[in-house]
Amino acid sequence: RRVHGDENSGRSATMSLHTAVLVCTSLSTVGSLFVILSYFLFPSLRRIPLNFIVFLSVSDLLFSVSIFLSNIPGACTVAGVLMNYFQLTSPIWTTIISYLLYRIVSIDLRRNLEVPTTLFHVIAWGIPLLLTLPPITLELVGAHVFSDLATTWCWIKSDFVILRATCYYIPSAIVLLFDTTMVVLAWKNVSRAAPANTTSELLISTPSPFHSNHDVFLKSRRIIHRLFMFVFVFFFVRFWGMVNLFLIRQNEVNENGFWFRATSIFFALQGFLNALVYGSTKQLIREYLKCCIPPQPLLTDFQE
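Residues numbered from 1 in each chain as written. Predicted model: local features only at pLDDT ≥ 70, side-chain atom pairs only at ≥ 80, totals over all residues. Heavy atoms only, no water.

Draft legend 1. View of the overall build of the protein. Secondary structure summary: the protein contains 10 helices and 2 strands in total. Taken from the N to the C terminus, the helices and strands of the protein come in the order α-α-α-α-β-β-α-α-α-α-α-α. In the protein, once contacts between residues fewer than 6 apart in sequence are set aside, the share between residues at least 24 apart is 75%. As presented, the protein carries roughly 16000 Å² of accessible surface, and 67% of it is formed by carbon and sulfur atoms. (Helix = DSSP H or I, 4+ residues; strand = E, 2+ residues; numbered from the N terminus. Contact = heavy atoms within 4.5 Å. Areas by Shrake-Rupley, 256 points an atom, 1.4 Å probe, with all protein chains shown as cover.)

This is the structure:
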């Protein structure tokens, strides 16, 4: 009876985790679509570096699609390939955003910021492709690299620890270190220049002669803080998986363990968390208010 009870308990925990992951994935899907829709609706939001956030959301959206595909019989390998690819493109777009942030607050206002958009796309979509080729190659030669992890999603089996580290964990750690360095350097540059330097005025969508240096400095800090939140989301989401990697014993993953469950849930929430950061900007809120709420008539209109 105890054995059957443990089996039923384990089955129930697995199904609960499966449901939680699908709910979180649905929230991320809605959040990513919200960011993409906002990008096309409001041209004022398409400015450097915020316009690159839409590509971050595209990555989050397709990552969510890979989780949904994991629940389709026979689609595990395809889902695993897509998952490994898009869970790499997302942090690389975060890296590009943090690099642009550093460049913007570091250059002289009189110089134009040159943005190699094509190069950024090659890096963001090309490097993950190269890192996804090894598991694809092994799968094609019959190594059976991808498997269903506790019915949550399909990814590289825990037997291939080195492959996981090479194709995901090590690149993620490098990205996190680079992002943190860029944000710290950007913050130092703004603090050192404030409020005498107005280099960060490039971040203002419609620069006005009425903006004082102090106003520009304060707005720069707010933008840096906002972009830092995208880096924090990346760190927060990846933290659980990195800890789970080091807690693997005898090449077995504890499907009901705390770290595995936390990894599954927070990974699935990535698109939703990025959408929360993006949606909390005052400019976006004002755009939706202007779009959805008609202007209230003044009292003089009724008097006339």
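There is more to say, and it comes next.
Draft legend 2. Main features of a nonpolar patch on the surface. Together, Leu119, Val122, Ile123 and Ile127 make up a nonpolar patch on the protein surface, roughly 320 Å² of accessible area in all. Residue placement: isoleucine 123 occurs in helix H4 (residues 117-140). Isoleucine 123 gets classed as partly exposed once you look at its relative accessible area, which sits at 31%. (Patch = residues over 30% accessible without salt bridge, like charges linked within 9 Å, V, L, I, M, F, W, Y side chains within 5 Å. Salt bridge = Lys/Arg side-chain N within 4 Å of Asp/Glu carboxyl O. Buried < 20%, exposed > 50% of the residue type's maximum accessible area, 1.4 Å probe, protein only.)

Draft legend 3. Representation of H4 in the model. In this model, H4 (24 residues) spans 34 Å end to end at C-alpha, consistent with the 34 Å of a helix rising 1.5 Å per residue. The principal kink in H4, of about 30 degrees, is found at leucine 133, preceding the proline proline 134 by one to four residues. Glycine 142, located one to two residues past H4, shows a positive phi value of around 95 degrees. (Expected span 1.5 Å × (residues − 1). Bend = angle between axes of the 7 residues up to and from the residue.)

Draft legend 4. Region of interest: the environment of arginine 238. Position of arginine 238 relative to the elements: it lies in helix H6 (residues 213-246). The exposure class of arginine 238 is buried, given its relative accessible area of 3%. Considering only alpha carbons, one finds arginine 238 and threonine 263, 25 residues apart in sequence, at a separation of 7.7 Å. Sequence-distant contacts of arginine 238, defined by excluding residues within four places in its chain, comprise Gln87, Pro91, Tyr168, Ser172, Phe267 and Gln270.

Draft legend 5. Looking closely at the packing of helix H2 (residues 53-69) against helix H8 (residues 270-279). Closest axis-to-axis distance for the H2/H8 pair is 9 Å, and the angle between their directions is 155 degrees. The angle between H2 and H8 falls in the class roughly antiparallel. Along this stretch, H2 crosses H8, giving a crossing that reads as left-handed. Of the residues in H8, those touching H2 at Ile53, Leu56 and Asp60 are Gln270, Gly271, Asn274 and Tyr278. Across the contact of H2 with H8, the residue classes tally to 3 nonpolar, 3 polar and 1 charged. (Axes fitted to C-alpha atoms, helices over the stretch in contact; angles between N-to-C directions. Parallel < 35°, antiparallel > 145°, perpendicular 65-115°, else oblique. Left-handed = near helix turned anticlockwise from the far one by under 90°. Nonpolar A, V, L, I, M, F, W, Y, C, P; charged D, E, K, R; others polar.)

Draft legend 6. View of the packing of aromatic side chains. For the structure shown, the criterion picks out 19 aromatic pairs. Between tyrosine 85 and phenylalanine 86, the aromatic rings sit 4.8 Å apart at their centres with planes inclined by 85 degrees, giving edge-to-face as the arrangement. The class of phenylalanine 86 is buried, set by a relative accessible area of 9%. Within the aromatic cluster, the residues linked to one another by ring pairs are Phe52, Phe55, Trp93, Tyr99, Phe120 and Trp125. (Phe/Tyr/Trp six-rings, centres within 6.5 Å; stacked < 30°, edge-to-face > 60°.)

Draft legend 7. Highlighting the side chain of threonine 29. Within the secondary structure layout, threonine 29 lies in helix H1 (residues 2-41). Relative accessible area serves as the criterion here: at 18%, threonine 29 is assigned to the buried category. In terms of polar contacts, threonine 29 uses its side chain to reach the backbone carbonyl oxygen of threonine 25, at 2.9 Å. Setting aside residues up to four positions removed in sequence, threonine 29 forms contacts with Leu61, Ser64 and Phe68. (Polar contact = N/O pair within 3.5 Å; in protein donor to acceptor, adjacent residues only side chain to side chain.)

Draft legend 8. Examining the state of the cysteines more closely. With the rule as written, the count across this model stands at 1 disulfide. Shown here is the disulfide that connects cysteine 76 with cysteine 154, its sulfur atoms set 2.3 Å apart. Here the disulfide of cysteine 76 and cysteine 154 is left-handed, its torsion about the S-S bond being about -125 degrees. With cysteine 76 in helix H3 (residues 76-106) and cysteine 154 in strand E2 (residues 153-156), this pair connects stretches of sequence that are 78 residues apart. (Disulfide = S-S within 2.5 Å.)

Draft legend 9. Expanded view of the side chain of serine 59. Mapped onto the fold, serine 59 is located in helix H2. Excluding anything up to four places from it in sequence, serine 59 contacts Phe86, Thr89, Ser90, Trp93 and Trp125.

Draft legend 10. The arrangement of helix H9 (residues 282-292) in detail. Restricting attention to buried positions, one finds in H9 the residues Gln283, Leu284 and Glu287. The buried residues of H9 all sit within an arc of 100 degrees when viewed along its axis, so they share a single face. Exposed and oriented more than 90 degrees from the buried face of H9 are Lys282 and Cys292. (Arc of directions from axis to C-beta.)

Everything listed here is a matter of geometry and, on its own, says nothing about what the molecule does.
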